[in-house]
Amino acid sequence: MNDPEVRLKEMLQKLRERRFRITPQRLAVLKILARSENHPSVDMIYEEVRRDFPTTSLATIYKTVTLLKELGQVLELGFPEGSNRFDGNEPSPHPHMICISCKKIVDPPLDSLSDLTSEAAQKTGFNIVTHRLDFFGICPECQGKN
Ligand code: ZN
Ligand code: MN
């Protein structure tokens, strides 16, 4: 995991370069994304921000997340059903473990990813530019609930 403080500074710098005004509400969104605990959806971010700033609009959350995505500061995980989730702590492509029961998403610490990437490239002749690798299953907490 990256240092959330460092990630927050990087995000702020990119947004300032775009002359994006940092309001307290937008800063709250950035802080949540810099940690990206449980890879939040826009709705999850919205609920958390509204605890401190009850007048925040969903549009504010969308606008901030969309701009960060455009700037390469957040990774979007799209799902055919259900809402998309975001990782602002590690915006470059990486594998995810997804619990199909509680929808928790975590980053597995993997050593073999670069081996897998080079093997796939070697065996297909592809020049790989990005990847998406998701593992679906039941997390340890959900396994404990029978
Ligand atoms: Zn679970
Ligand atoms: Mn992640």
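Residues numbered from 1 in each chain as written. Chains lettered and ligands numbered in written order. Predicted model: local features only at pLDDT ≥ 70, side-chain atom pairs only at ≥ 80, totals over all residues. Heavy atoms only, no water.

(A) Structural view of the pairing of strand S3 (residues 96-99). Across 4 bridges, S3 lies against strand S5 (residues 134-137) in parallel orientation. Bridging across to S5, cysteine 99 finds its partner in glycine 137. Across 2 bridges, the pairing between S3 and strand S4 (residues 105-106) is antiparallel. Following the sheet pairing, isoleucine 98 is matched in S4 by isoleucine 105. Where S3 folds back onto S4 in an antiparallel hairpin, the turn is made up of 5 residues, including lysine 103, whose phi is positive at roughly 65°. (Pairing = 2+ DSSP bridges. Helix = DSSP H or I, 4+ residues; strand = E, 2+ residues; numbered from the N terminus.)

(B) Representation of the pattern of salt bridges within the structure. In total, this model carries 8 salt bridges according to the counting rule given. Between arginine 35 and glutamate 48 there is a salt bridge whose closest N-O contact spans 3.1 Å. Of this pair, arginine 35 sits in helix H2 (residues 24-35) while glutamate 48 sits in helix H3 (residues 42-52), and the two are 13 residues apart along the sequence. For glutamate 48, a relative accessible area of 27% corresponds to the partly exposed category. Salt bridges linked by common partners bring Arg35, Glu37 and Glu48 together as one network. (Salt bridge = Lys/Arg side-chain N within 4 Å of Asp/Glu carboxyl O. Buried < 20%, exposed > 50% of the residue type's maximum accessible area, 1.4 Å probe, protein only.)

(C) Highlighting the coordination of the manganese ion (ligand 2). For the manganese ion (ligand 2), every protein donor is listed as His39 (NE2), Asp87 (OD), His94 (NE2), His96 (NE2) and Asp107 (OD), and the spread of their distances is 2.1 to 2.2 Å. Between consecutive donors of the manganese ion (ligand 2), the numbers of intervening residues give the motif H-x47-D-x6-H-x1-H-x10-D. Remark: histidine 94 occurs in the loop between strand S2 (85-87) and S3 and histidine 39 occurs in the loop between H2 and H3; sequence separation between them is 55 residues. Judged by relative accessible area, histidine 94 falls into the buried class, the value being 13%. (Donors = N, O, S within 2.8 Å, 3.2 Å for Na, K, Ca; no water.)

(D) Geometry of the side chain of serine 36. By the element assignment, serine 36 lies in the loop between H2 and H3. There is a polar contact of 2.7 Å between the side chain of serine 36 and the backbone nitrogen of glycine 88. Within the structure, serine 36 has its side chain in polar contact with the backbone nitrogen of asparagine 89 (distance 3.5 Å). Once residues within four sequence positions are removed from consideration, serine 36 is found in contact with Phe86, Asp87, Gly88 and Asn89. (Polar contact = N/O pair within 3.5 Å; in protein donor to acceptor, adjacent residues only side chain to side chain. Contact = heavy atoms within 4.5 Å.)

(E) Here's a closer look at the packing of aromatic side chains. Within the structure shown, the criterion is met by 0 aromatic pairs. The aromatic ring of phenylalanine 20 is capped on one face by arginine 26, whose charged end is 4.1 Å from the ring centroid. Lying across the ring of phenylalanine 79, arginine 132 places its NZ or CZ 5.5 Å from the centre. (Phe/Tyr/Trp six-rings, centres within 6.5 Å; stacked < 30°, edge-to-face > 60°. Lys NZ or Arg CZ within 6 Å of the ring centre and 35° of its normal.)

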